[in-house]
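# Chains, contacts and geometry: an overview
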Amino acid sequence: MCVFKGSHNPASLAKGGSERDRFLSTLFKGLTIDDATIIMAQQLTLVAKLRQRVEEQGESPAFIFRSPHDGRYVLSWNRLYRLAGRFAAVLNSRGLGRGHLVVNTLVNSPERAVCEAGIWLSGAASVNGHCQMADGSDLLHTLRVSRASALLVDPDVSNSPWNVLTKYVSVGEDDSVTSSDLTDLKKLFFIRRVEGDGPGDFITHLDSDSDWFQADDITPEDTLTVFTTSGTTGFSKLVVYTHCEYIQLFDLTADKNTKLNRYFTTSPFGWLGAYVGAGVVNCSTNVTCDVREAGLPKDMSEFIFQVLKEEKCETALFSPVYLPRLLQLAETSQVKADSKEHKLNTLILGGLPVTRPMVAAALSLADVAIVAYGATDFSGVSHLIVTDSETFVDHDTGPPSKSVSVKIVSQEDEEMVLPVNETGLILVKNHAKNVVYLNDPTLKTDEFFTKDGFFRTQDIGRLDERGHLIVDGRGSDAIMRGTYIFYPSWMESCVRACPGVRDVIITGVPDPLVNEELCACVVMESDSVTLDHVRHFVEKEVVTSEDDPLSPRPRYYLEFQSFPMTDTGKPKRKVIKAQATERLQCSD
């Protein structure tokens with residue numbers, strides 16, 4: 001494992017500096033610096049985009065990290081590029097580059113941003129390595145399927161993935177890893193933060209290092225990163241994005257008349273909508289929470305409100321779960337609610353069916369609300385710019401993008417395409433995104449794709465007379481909570497392991513903000529077992545974060561004497577869902 005040591009020695013990559021000149025003269029022999037810059041700007045790689053930002057923005061912030069205790073860390077474009085190149089040199093010295101995959105488990109932090117950009121510059125590709133399950137099953141699945149060569153971990157954070165992996169790997173003195181279970185994993189890097197920038201601090205080490213590297217053969221078709229889908233809640237697909245595909249995602253969905261300045265999000269860097277590269281493509285400053293500093297804020301809404309105001313953010317993306325508290329804070333603030341100091345330009349809503357009250361709340365905080373629909377598998381499908389909540393139709397996501405084909409088919413007969421305003425299954429084909437699942441071609445089968453290449457979204461909706469896509473929610477047993485989709489079978493198997501539980505069904509119950517909340521419907525072995533007992537078991541053994549509002553854990557627990565069953569002995573999930581919804585409504 002690599003433990004970085006060194007003393008604090010800050011430097012900057014000034015425009016025209018020797019390090020920059022050496023890099024350009026090596027990469028573009030015989031060309032002037034201006035010619036080389038133009039060529040790089042024309043290339044559809046994130047490395048070229050990053051280089052372009054360095055040329056244009058220099059010392060302006062690429063990232064602003066805020067902690068709940070008023071901590072503030074600014075990472076400029078110059079410094080990001082310099083530190084990333086030095087980490088790329090570390091990876092290169094360990095034999096990692098093009099053709100290698102590096103699983104990145106770091107939380108949102110300066111270290112995560114530097115490491116992700118360093119992986120780009122090395123020519124390797126990253127894999128999102130989140131670990132929210134207490135047994136680490138989501139991370140282990142990602143490592144096995146991806147066959148990654150290296151892993152980045154921070155062993156000092158709360159609920160570190162390293163706590164799980166120590167059972168599976170042995171680490172030698174030469175940074176090598178051996179594991180009978182993870183045979184492809186060869187290198188482990190400890191990315192640490194040490195108080196006072198002391199020895200062992202990752203950023204401090206890179207500041208004092210002199211090596212720098214960038215691969216000179218990166219192409220737009222090279223793999224940039226691998227996103228994971230539903231990895232916290234069951235079966236996880238590993239979706240490949242090339243440099244070109246990721247950049248085109250923003251070219252196809254961004255409002256060309258809007259130039260983002262400061263973009264705030266609470267979402268993880270490993271998620272498609274908040275990936276580290278978003279600001280690089282959009283030329284925006286990414287403002288987010290430094291989770292490594294002190295974990296997630298106890299009152300995320302208050303944190304969001306404070307940061308949006310102090311950093312003067314123009315655009316934001318966060319879950320609607322925070323909207324009621326944000327509105328309350330805005331109303332009680334000494335700043336008038338309609339003050340420009342108080343308002344965003346744009347608030348992006350997505351990941352769940354959006355209602356008119358949600359849009360009204362969003363427009364109290366921003367001049368414009370954007371409702372978007374898409375998925376990691378096929379990226380963006382449609383988006384709608386809204387300035388008046390009174391004209392908004394519930395669940396409207398706007399017209400499909402030019403590169404996307406959408407059709408609505410019967411739930412009983414997929415061959416039957418439904419006419420305008422009839423509700424059915426949503427099928428999508430994005431002609432700009434070649435869906436590739438890493439190391440598992442069997443996924444691209446009839447289970448997910450039709451014979452003519454349309455993706456089965458499992459969502460229910462319709463196309464109206466305006467050509468707008470109306471998305472009502474999930475059509476399967478999956479539960480849509482906020483920006484996450486939960487597959488209940490995984491959690492059900494975990495809860496059944498609780499002593500005293502005979503059976504359990506996890507279902508979704510309606511929620512006005514996040515579409516559906518998770519409800520555990522439990523059949524007990526005896527009266528001696530209580531719902532509190534089950535709840536404590538889940539929060540200790542199943543999930544890793546009780547404070548995270550997006551953590552995959554039930555918010556409600558209901559006891560059933562038995563479950564209604566079909567003639568073939570299967571639980572009637574729709575009936576159980578309706579009964580749970582009715583009981584919770586009666587208890588309000």
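Note that the structure is a prediction, hence the values are computed from the model and not measured. (Residues numbered from 1 in each chain as written. Predicted model: local features only at pLDDT ≥ 70, side-chain atom pairs only at ≥ 80, totals over all residues. Heavy atoms only, no water.)

Quick look at the overall build of the protein chain now. Each helix and strand in the protein chain was counted, giving 17 helices and 25 strands. Of all intrachain contacts in the protein chain linking residues separated by at least 6 positions in sequence, the fraction that spans at least 24 positions is 66%. When the accessible surface of the protein chain is split by element, carbon and sulfur atoms take 49% of a total near 24,900 Å². (Helix = DSSP H or I, 4+ residues; strand = E, 2+ residues; numbered from the N terminus. Contact = heavy atoms within 4.5 Å. Areas by Shrake-Rupley, 256 points an atom, 1.4 Å probe, with all protein chains shown as cover.)

Turning to the pattern of salt bridges, a few remarks are in order. When charged atoms on two side chains of opposite charge get close, those side chains can pair. All chains considered together, the criterion is met by 30 salt bridges. Notably, a salt bridge pairs Arg 325 with Asp 299, separated by 2.9 Å at the nearest N-O pair. Taken as a pair, Arg 325 in helix α13 (residues 323–332) and Asp 299 in the loop between α11 (291–294) and α12 (300–310) lie far apart in primary sequence, 26 residues in all. The exposure class of Asp 299 is partly exposed, given its relative accessible area of 27%. (Salt bridge = Lys/Arg side-chain N within 4 Å of Asp/Glu carboxyl O. Buried < 20%, exposed > 50% of the residue type's maximum accessible area, 1.4 Å probe, protein only.)

Ordered in space as β17-β18-β19-β20, the four strands form an open sheet in which the pairing is antiparallel. Each edge of the open sheet is held by one strand with a lone partner, namely β17 (404–409) and β20 (469–474). Taking the axes of each pair of neighbouring strands and ignoring which way they run, one obtains an average angle of 45° across the sheet. With four bridges joining them, strand β18 (residues 424–430) and strand β19 (residues 455–463) adopt antiparallel strand pairing. Of the residues in β19, the one forming a bridge with Gly 424 is Gly 461. (Pairing = 2+ DSSP bridges. Axes fitted to C-alpha atoms, helices over the stretch in contact; angles between N-to-C directions.)

Turning our attention to the confidence of the model for the protein chain. Residues of the protein chain with pLDDT of at least 70 account for 86%, and the chain-wide mean is 83. Note on residues 1–33: pLDDT is under 50 here. Beyond four places in sequence and across chains, it has 75 contacts. The model gives residues 35–42 a pLDDT under 50, and that stretch makes 14 contacts with residues more than four places away or in other chains. (pLDDT = per-residue confidence, 0-100.)

On inspection of all chains with the given rule, the structure shows 15 aromatic pairs. Note on Tyr 246 and Tyr 275: the rings are 5.3 Å apart at their centroids and 75° apart in plane angle, and the pair reads as edge-to-face. With Tyr 246 in helix α9 (residues 243–253) and Tyr 275 in the loop between β11 (262–265) and α10 (278–282), this residue pair connects regions lying 29 residues apart in the sequence. On the accessibility criterion, Tyr 246 (0% relative accessible area) is buried. Members of the aromatic cluster, connected to one another through ring pairs, are Trp 120, Phe 227, Tyr 241, Tyr 246 and Tyr 275. Over the ring of Tyr 241 we find Lys 433, and its NZ or CZ is 4.4 Å from the ring centre. (Phe/Tyr/Trp six-rings, centres within 6.5 Å; stacked < 30°, edge-to-face > 60°. Lys NZ or Arg CZ within 6 Å of the ring centre and 35° of its normal.)

With that out of the way, let us pick up the pairing of strand β10 (residues 237–242). A large share of β10 lies buried, amounting to six of its six residues. Burial of β10 is two-sided: the residues Lys 237, Val 239 and Tyr 241 facing one way and the residues Leu 238, Val 240 and Thr 242 facing the other way are all buried.

Below, the discussion takes up the sheet that holds strand β14 (residues 344–350). The strand order across the open sheet built from eight strands is β2-β1-β12-β11-β13-β14-β15-β16, with neighbouring strands paired in mixed fashion. Each end of this open sheet is capped by a strand with a single partner; those strands are β2 (72–76) and β16 (379–386). Across the sheet, the mean angle from the axis of one strand to that of its neighbour is 20°, orientation sign disregarded. In the sheet, β11 pairs with strand β13 (residues 315–317) via three bridges, with the strands oriented parallel.

Turning our attention to the packing of α13 against helix α14 (residues 356–365). Packing of α13 against α14 leaves a shortest axis separation of 10 Å and a crossing angle of 40°. Here α14 runs oblique to α13, going by the angle between their axes. Crossing angle aside, the handedness with which α13 passes α14 is left-handed. Within the contact between the two elements, α13 uses Leu 323, Leu 326, Leu 327 and Ala 330 and α14 uses Met 358, Ala 361, Ala 362, Ser 364 and Leu 365. Among the residues making up the contact of α13 with α14, the classes are represented as eight nonpolar, one polar and no charged. (Parallel < 35°, antiparallel > 145°, perpendicular 65-115°, else oblique. Left-handed = near helix turned anticlockwise from the far one by under 90°. Nonpolar A, V, L, I, M, F, W, Y, C, P; charged D, E, K, R; others polar.)

Okay, helix α17 (residues 573–587) next. Here α17 spans 21 Å end to end across 15 residues, near enough to the 21 Å set by a 1.5 Å rise per residue. Ile 576, Ala 580, Thr 581 and Leu 584 are the residues of α17 that are buried. End-on, the buried residues of α17 take up no more than an arc of 135°, which puts them together on one face. Seen from the open side of α17, the exposed residues pointing more than 90 degrees away from its buried face are Lys 574, Glu 582, Gln 585 and Cys 586. In this fold, the buried residues of α17 make contact with β23 (501–511), β24 (515–524) and β25 (556–559). (Expected span 1.5 Å × (residues − 1). Arc of directions from axis to C-beta.)

If you check helix α5 (residues 110–122), its first and last C-alpha atoms are 18 Å apart, about what 13 residues at 1.5 Å a residue would give, namely 18 Å. Burial analysis of α5 places 13 of its 13 residues in the buried class, which makes it a mostly covered element. Just past α5, the residue Gly 123 takes up positive phi, approximately 95°.

Next up on the list: the side chain of Glu 55. Inspection of the secondary structure puts Glu 55 in helix α3 (residues 46–57). By relative accessible area, Glu 55 is classed as buried at 14%. At 2.8 Å, the side chain of Glu 55 and the side chain of Arg 51 are in polar contact. (Polar contact = N/O pair within 3.5 Å; in protein donor to acceptor, adjacent residues only side chain to side chain.)

As a further point, take the environment of Pro 68. On the secondary structure map, Pro 68 appears in the loop between β1 (61–66) and β2. Each C-alpha atom, one on Pro 68 and one on Cys 289, is 7.8 Å from the other, the two residues being 221 residues apart in sequence. In this structure, Pro 68 is in contact with Ala 294, Gly 295, Pro 297 and Phe 303, ignoring residues within four places of it in sequence.

Its location among the elements puts Gly 482 in the loop between β21 (479–481) and β22 (484–486). Between the alpha carbons of Gly 482 and Leu 513 there is a distance of 7.8 Å; along the sequence they are 31 residues apart. Discounting residues that sit within four places of it in the chain, Gly 482 has contacts with Gly 351, Leu 352 and Val 514.

It is worth spelling out the nonpolar core at this point. Generally speaking, a soluble globular protein has its nonpolar side chains buried in company with each other. If you look at the biggest cluster of nonpolar residues, it comprises 69 residues, and the most contacted ones within it are Leu 46, Leu 50, Phe 63, Leu 80, Phe 87, Trp 120 and Tyr 246. For this core, the element with the most residues is helix α4 (residues 77–93), which contributes nine residues. For Leu 80, the contacting residues outside a window of four places in its chain are Leu 50, Ala 62, Phe 63, Leu 75, Ala 113, Val 114 and Ala 117. By size, the runner-up hydrophobic cluster in this structure holds 37 residues, among which are Leu 308, Ala 316, Ala 361 and Leu 384. (Core = buried A, V, L, I, M, F, W, Y, C linked by side-chain atoms within 4.5 Å.)

Let us look at the environment of Asn 108. Mapping Asn 108 onto the fold places it in the loop between β3 (101–104) and α5. As a C-alpha pair, Asn 108 and Val 276 span 168 residues in sequence and 9.2 Å in three-dimensional space. Other than its neighbours up to four places away in sequence, Asn 108 contacts Phe 65, Ser 267, Pro 268, Phe 269, Thr 288, Cys 289, Asp 290, Val 291 and Arg 292. Here Thr 288 takes part through its side chain, which lies 3.4 Å from a polar atom of the side chain of Asn 108.

Moving on: the packing of α3 against α4. With their axes 8 Å apart at the nearest point, α3 and α4 run at an angle of 140° to one another. When the axis of α3 is compared with that of α4, the two are oblique. In this structure, α3 meets α4 at a crossing whose hand is left-handed. Counted together, Leu 50, Arg 51, Arg 53, Val 54 and Gln 57 of α3 and Trp 77, Asn 78, Leu 80 and Tyr 81 of α4 form the full contact between these two elements.

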